[in-house]
Amino acid sequence: MGINVKKIIPRIPPLPSIRDIINMYNIKALRQLSQNFLLDRNLNDKIVKCCGKINGYEICEIGPGPGNISRSLLKKGIEKLILIEKDTRFLPSLQMLKEAVPTPIEIISGDVLSFDMSNLFNENERKSWDDDYPKIQLIGNLPFNISTPLIIKWMQAISEQYAYLLNCSYNKI
């Protein structure tokens with residue numbers, strides 16, 4: 001008879017608010033990056049709630065900015081948080097968050113459009129095409145100017161992977 005041990009979700013210690021971080025570092029939204037800052041914690045929590053059950057998942061957040069959605073994700077008991085941020089002005093606030101919580105956080109400074117995500121997640125979560133979904137999710141309050149190219153890039157990669165698998169199947173016949 002096994003013991004059902006529920007994972008304890010860590011509480012985020014008191015940190016400066018996102019508004020305070022933006023003021024502290026004198027950060028202004030950049031129009032060329034289509035930035036906007038969602039300062040309402042309830043709205044961020046609602047966005048994360050739309051992800052469904054993510055407890056125990058590895059999450060990659062694209063464009064976390066100062067970390068507003070990141071904080072909501074961490075309250076859900078995720079396994080690991082990977083942050084890909086192009087704007088280096090946000091790295092100090094993301095580093096502060098990383099140092100404040102026990103959940104592993106990996107901060108990647110770069111452009112997600114040119115980033116190779118093939119080795120981003122735990123190798124144990126790799127699944128074959130017909131297996132159940134892995135316990136990973138991608139999330140982001142994507143700027144409109146990269147959302148379409150990014151989705152097209154990912155769909156093309158999925159299509160190429162599927163075509164490769166079909167080709168392998170036909171070659172075995």
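Keep in mind it's a predicted model, so treat the numbers as computed, not measured.

J.: Describe the confidence of the model for the protein, listing the residues and the values that go with them.
T.: Chain-level statistics for the protein give a pLDDT mean of 83 and a share of 84% at 70 or above. Taken element by element, the predicted model of the protein shows its lowest mean pLDDT in helix α5 (residues 144-172) (72) and its highest in strand β3 (residues 105-109) (97).

J.: Go over the sheet that holds strand β2 (residues 80-85) with me, naming the residues and quoting the values.
T.: What the four strands build is an open sheet, ordered β3-β2-β1-β4; its pairing is parallel. The open sheet has two edge strands with one neighbour each: β3 and β4 (136-139). When the angles between neighbouring strand axes are averaged without regard to direction, this sheet yields 15 degrees. Bridge count between strand β1 (residues 58-62) and β4: four bridges; the pairing is parallel.

J.: Got a sec to walk through the nonpolar core? Specific residues and values, please.
T.: If you look at the biggest cluster of nonpolar residues, it comprises 20 residues, and the most contacted ones within it are I54, I59, L73 and L81. Among the elements of the structure, α1 (18-24), α3 (68-74), β2 and α4 (91-100) are those that each provide at least two residues to this core. The element best represented in this core is α3, accounting for three residues. In this structure, L81 is in contact with I59, E61, S70, L73, L74, P104, I105 and E106, ignoring residues within four places of it in sequence.

J.: Talk me through the side chain of Q35; I want residue IDs and the actual numbers.
T.: If you trace the backbone, Q35 turns up in the loop between α1 and α2 (41-49). Assessed through its relative accessible area of 17%, Q35 is described here as buried. At 2.9 Å, the side chain of Q35 forms a polar contact with the side chain of D87. A distance of 3.0 Å separates a polar atom in the side chain of Q35 from a polar atom in the side chain of R89. In this structure, Q35 is in contact with K28, A29, L30, D87, R89 and F90, ignoring residues within four places of it in sequence.

J.: Can you lay out the pairing of β3 for me, pointing to particular residues and giving the numbers?
T.: Where a strand is regular, its side chains alternate between the two sheet faces. When β2 meets β3, the two strands line up parallel, connected through five bridges. For L83, the partnering residue across the bridge sits in β3 and is I107. With respect to chirality, the unit in which β2 leads through α4 into the neighbouring parallel β3 is right-handed.

J.: How would you sum up the environment of N68? Please name residues and give values.
T.: Note on placement: N68 falls in helix α3. Relative accessible area serves as the criterion here: at 10%, N68 is assigned to the buried category. What N68 contacts, discounting residues up to four positions off in sequence, is I18, F37, L38 and N44. Within the structure, N68 has its side chain in polar contact with the backbone oxygen of L38 (distance 2.7 Å).

Analysis parameters
Residues numbered from 1 in each chain as written. Predicted model: local features only at pLDDT ≥ 70, side-chain atom pairs only at ≥ 80, totals over all residues. Heavy atoms only, no water. pLDDT = per-residue confidence, 0-100. Helix = DSSP H or I, 4+ residues; strand = E, 2+ residues; numbered from the N terminus. Pairing = 2+ DSSP bridges. Axes fitted to C-alpha atoms, helices over the stretch in contact; angles between N-to-C directions. Core = buried A, V, L, I, M, F, W, Y, C linked by side-chain atoms within 4.5 Å. Buried < 20%, exposed > 50% of the residue type's maximum accessible area, 1.4 Å probe, protein only. Contact = heavy atoms within 4.5 Å. Polar contact = N/O pair within 3.5 Å; in protein donor to acceptor, adjacent residues only side chain to side chain. Right-handed = clockwise from strand over helix to strand, strands pointing away.

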